[in-house]
Amino acid sequence: MGVEQVDASNACIPPTHPLTYQALPLPTASRGETIFLDGQGGRLNDNDDQRAPLIMYAWGKLIVVREIELYSSNQTTKKTTSCASSSRVGPSGAPSTNGFVYRGHSAPVTAAKFSPAGTYVASGDSKGKLRIWAWDHEEHLPKIELQVLAGPIKDISWDFEGKRIVVIGDGMQSPENAKVVQWDTGVKCGDLGAHARKKGSSCAFRPCRPMRIATGGAEDATVMFHQGPPFQRVVGDGIVSEKCHERGAIHSLRYNKDGSVLASAGTDGSVIFYDGKSMHLMKKVEKVHKSSIFSCAWNRNGTHLLTCGADGFARLVDAMSGETVHEWDVALTQLGDDNVRNKVPMGAMLLGCAFLKGDIPIAVGFNGQIVVLSVPSSIGLSSLAEVIDKPLVITGHQAPISAMTFGAPGSNVIYTADTDGVLVEWDGLTGIPRGRVKNVGEEDVELTGRVHSGATITSLAFSSESSKLYSAGWDDFIRISQGQNCVNKLKMKAQPNDMACGTSLLVVMTVEGLVLVKDEQIISELIRLPYTATAICISKDETMLYVGGDDCNIYIYTVSLSDSVNPLAESHVIKGGHMKAVQSIALSHDRTKLAAADSRDVCVYSTTDYSTIVSKGRWCFHTQRISCLTWSSDDSILASGGNDDDIFLWNIQKKMRRIHYRFAHRGGITGLRFVGGNAADGTGSIMLVSVGNDGCVNFWDVKEDVSNKFK
């Protein structure tokens, strides 16, 4: 085990950027694997009323720390603050942006925990690396990075002093599957016992002296007990009860607050309570769930244990009596209370649970949706837990966002789509997801929320005339939605990659050519082109169509729907404007300027005579494919986003100046749109909305930067 050279670059969005709000992705889930959730934010976060309840989880290689907004069903307004303002305080004392995304790992994150003080986070990944980084610093600087295990880290636990950390996971070919180390130096503090086949699943540090460590096996149904420091396994004393579970994995081990009781839960559906100091068996509660229990968590006072299982239920167990005092059918909550379920939907199999601020129970299933559970006042957890009078479902995306569009003008609606075929409707004013779009007539019995049958959605377009949303997916369908209901679909003869919508006319770009759609009907045959189309754009009056090609040219067509034989007539070709294939096109609102981009250059042309306003080599600061372009409402500012994670703002009048937002989205930007404001005279706010492959919807207030840079 050695200390790695720590890379602090691109660990988060730079604090100097004008990010005002982040709509965050949902937890990543693998069937049969526990979702780690940490709702204990430490003393810094849990004892401050200005900080919202936090929940930390993994999304691919990212760590998401989400603020949970609590409200009851009787409240008429769930959230009154807009995306441009917040009364909450973020990790470094700055205004909150609804949460935080940490991007310091190079492999999928498998576990993360706040320190007892709440100032540091310990996180582990699938390559066995443990990273300690600052939560309360604005740049979230790393303290140390260690290669602690040969395989994935499955669980992490801090001691009550915040000086030692125990990790457990897959030891693979190495002799150890669990280690306890000093938090700041990485020095080992003893030798922990190895589980069968070097596979461990959970660990827990006793939160008081004398110190104890418990570890659970992934295949041997064994809980090992260690005392120290230095820590050594305790065996053969006739007191320690290691094999109380009947079979399978020990999915979760957790101590209560005062360390007097240790709870374990696993594949056999039982919950075992041990004495926290001696590990003597106190109580075994069998069949708490009908199937595997994947996670358990104690409330603040250590009186109740929350469990969740693959049967779709979350249960609250009284630690003294071992009785289940309350249960929630989370699967039925997501299906709707009016439905009756005969089996457990795959998406509602619960894989993780936690208490927020010690008393607010939440559960997460395979579909990633976070369910904040309501607690009856008769149980007496706390007044904070009784704020919610019925379960609250928080939805969003569990996969990279691939497309975005806006709803009808003035509706404050944003639609986003992802690579799993899921469509989400958002409140554009508050940034809260309103819900997932559902297929009408095609029951989603597994609660996956996939409109396009799991296929990537490549493009979204909204028709202002019909108020219909069009989505194109790699299942070769154009699906038509109204609100949160998908009501129709059109089968394409070739795979659709992009769409452009005027007022009512929709142009679909496929791998073999173009198709025209109007009034939910295909009105043309497949229009084959002598080149491969890579980007399209249509004017709002539906008279002009602009197509970018892989031959570096831009083709302009006149649209004539009265001519059924040849509805597209080529009127001009812009040649020599680009050195590489055109990747995105955007027409200004006044239809006088056409912006086009490739993998490096952003160019602007006049639509009057197609002369060059900004030529190649001028705006050439992107380093990878430029995936999206958008104009501000007054056409004075052009924004570009690319696979290089960067967003640039350009001004036609100030061609030598630019605004650069680095590391905007990990994995690249897939959508950009401006909201409101007049950039020319500086009136109103200028909000830029961006989506990307990190699953986030970001809101940027760029008014001040635009005013200072382009004045």
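In this text, all values refer to a predicted model and were calculated from it rather than measured experimentally. (Residues numbered from 1 in each chain as written. Predicted model: local features only at pLDDT ≥ 70, side-chain atom pairs only at ≥ 80, totals over all residues. Heavy atoms only, no water.)

A.B. asks: Describe in detail a positive patch on the surface, supporting the description with residues and values.
C.D. replies: Taken together, the side chains of R657, R658, K709 and K711 present a region of like positive charge at the surface. Tracing the backbone shows K709 in helix 3 (residues 703-710). (Patch = residues over 30% accessible without salt bridge, like charges linked within 9 Å, V, L, I, M, F, W, Y side chains within 5 Å. Areas by Shrake-Rupley, 256 points an atom, 1.4 Å probe, with all protein chains shown as cover. Salt bridge = Lys/Arg side-chain N within 4 Å of Asp/Glu carboxyl O. Lys, Arg positive; Asp, Glu negative; His and termini not counted. Charge placed at Lys NZ, Arg CZ, Asp CG, Glu CD. Helix = DSSP H or I, 4+ residues; strand = E, 2+ residues; numbered from the N terminus.)

A.B. asks: Tell me what's going on with the pairing of strand 34 (residues 468-473), and back it up with residues and numbers.
C.D. replies: Among the six residues in strand 34, six count as buried, and that is most of the element. In sequence, strand 33 (residues 457-463) turns back onto strand 34 through a hairpin of four residues, with S467 there showing a positive phi of about 55 degrees. Counting the residues in the hairpin turn of strand 34 and strand 35 (residues 477-482) gives three residues, including D476, whose phi is positive at 65 degrees. (Buried < 20%, exposed > 50% of the residue type's maximum accessible area, 1.4 Å probe, protein only. Pairing = 2+ DSSP bridges.)

A.B. asks: Can you tell me about empty space enclosed by the protein, naming the residues and giving the values?
C.D. replies: In total, this model carries one cavity of 30 Å³ or more according to the counting rule given. Counted as a void, the largest cavity has a volume near 60 Å³. Lining of the largest cavity is provided by N45, R51, A52, L54, V65, E67, V89, G90, P91, G99, F100 and W135. For the lining of the largest cavity, the secondary-structure elements that each account for two or more residues are strand 3 (62-67) and strand 4 (99-102). Looking at side-chain class alone, the lining of the largest cavity contains seven nonpolar, three polar and two charged residues. (1 Å grid on protein atoms, 1.4 Å probe; cavity = no way out; pocket = protein on both sides within 12 Å on 5 of 7 lines; lining within 4 Å. Points joined across faces, edges and corners; volume = space filled by probe spheres on them. Nonpolar A, V, L, I, M, F, W, Y, C, P; charged D, E, K, R; others polar.)

A.B. asks: Explain unusual backbone geometry residue by residue, including any values.
C.D. replies: The omega angle of the peptide bond from R209 to P210 is -5 degrees, so this bond is cis rather than trans. Relative to the helices and strands, P210 is located in the loop between strand 12 (200-205) and strand 13 (212-217). The omega angle of the peptide bond from G228 to P229 is 0 degrees, so this bond is cis rather than trans. Mapped onto the fold, P229 is located in the loop between strand 14 (223-227) and strand 15 (232-233). Despite not being glycine, S453 shows a phi value in the positive range, around 55 degrees. Structurally, the position occupied by S453 is in the loop between strand 32 (438-439) and strand 33. The phi torsion at S467 lies on the positive side, around 55 degrees, for a residue other than glycine. Its location among the elements puts S467 in the loop between strand 33 and strand 34.

A.B. asks: Give a description of the pattern of salt bridges that names residues and reports values.
C.D. replies: Scanning the model with the defined rule gives 29 salt bridges in all. The salt bridge partner of K188 is E176, with a shortest N-O separation of 2.9 Å. With K188 in the loop between strand 11 (178-182) and strand 12 and E176 in the loop between strand 10 (164-169) and strand 11, the pair connects residues that are twelve residues apart, well separated along the chain. The salt bridge involving K343 is made with E446; its shortest N-O contact spans 2.8 Å. Placement of K343 in the loop between helix 2 (330-335) and strand 24 (350-356) and of E446 in the loop between strand 32 and strand 33 is noted, with a sequence separation of 103 residues between them. The exposure class assigned to K343 is partly exposed, which follows from its relative accessible area of 48%. Each of D159, E161, R164 and R209 takes part in salt bridges that share partners, so that together they form one network.

A.B. asks: Help me get a handle on the packing of aromatic side chains, residues and values and all.
C.D. replies: Tallied over the entire structure, the rule returns 17 aromatic pairs. When the centroid spacing of 5.5 Å and the interplanar angle of 85 degrees are considered together, the rings of F205 and F231 count as edge-to-face. One end of the pair, F205, is in strand 12; the other, F231, is in the loop between strand 14 and strand 15, with 26 residues separating them in the sequence. For F231, a relative accessible area of 0% corresponds to the buried category. Geometrically, the ring pair formed by Y531 and Y555 is stacked, given 4.0 Å between the ring centres and 5 degrees between the ring planes. Taken together, the residues span a long stretch of sequence, with Y531 in the loop between strand 40 (521-522) and strand 41 (533-538) and Y555 in strand 43 (residues 554-559) at a distance of 24 residues. Y555 carries the same exposure label as Y531, and that label is buried. Put simply, the rings of F100, Y102, F114, W133 and W135 pair up and form one aromatic cluster. In this structure, R315 packs its charged tip against the face of F313, placed 4.6 Å from the ring centre. A cation over an aromatic ring shows up here: K489 above the ring of F477, its NZ or CZ 4.9 Å from the ring centre. (Phe/Tyr/Trp six-rings, centres within 6.5 Å; stacked < 30°, edge-to-face > 60°. Lys NZ or Arg CZ within 6 Å of the ring centre and 35° of its normal.)

A.B. asks: Any chance you could break down the sheet that holds strand 47 (residues 602-606) for me, citing the residues and the numbers?
C.D. replies: Taken together, the four strands give an open sheet; going across it, the order is 45-46-47-48, and neighbouring strands pair in antiparallel fashion. Of all strands in the sheet, those with a lone pairing partner are strand 45 (584-587) and strand 48 (612-619), marking the two edges. Going from strand to strand, the sheet's axes swing by 15 degrees on average, the running direction of each strand aside. As paired elements, strand 47 and strand 48 share three bridges and run antiparallel to each other. Bridge pairing in strand 48 links V602 to W619. (Axes fitted to C-alpha atoms, helices over the stretch in contact; angles between N-to-C directions.)

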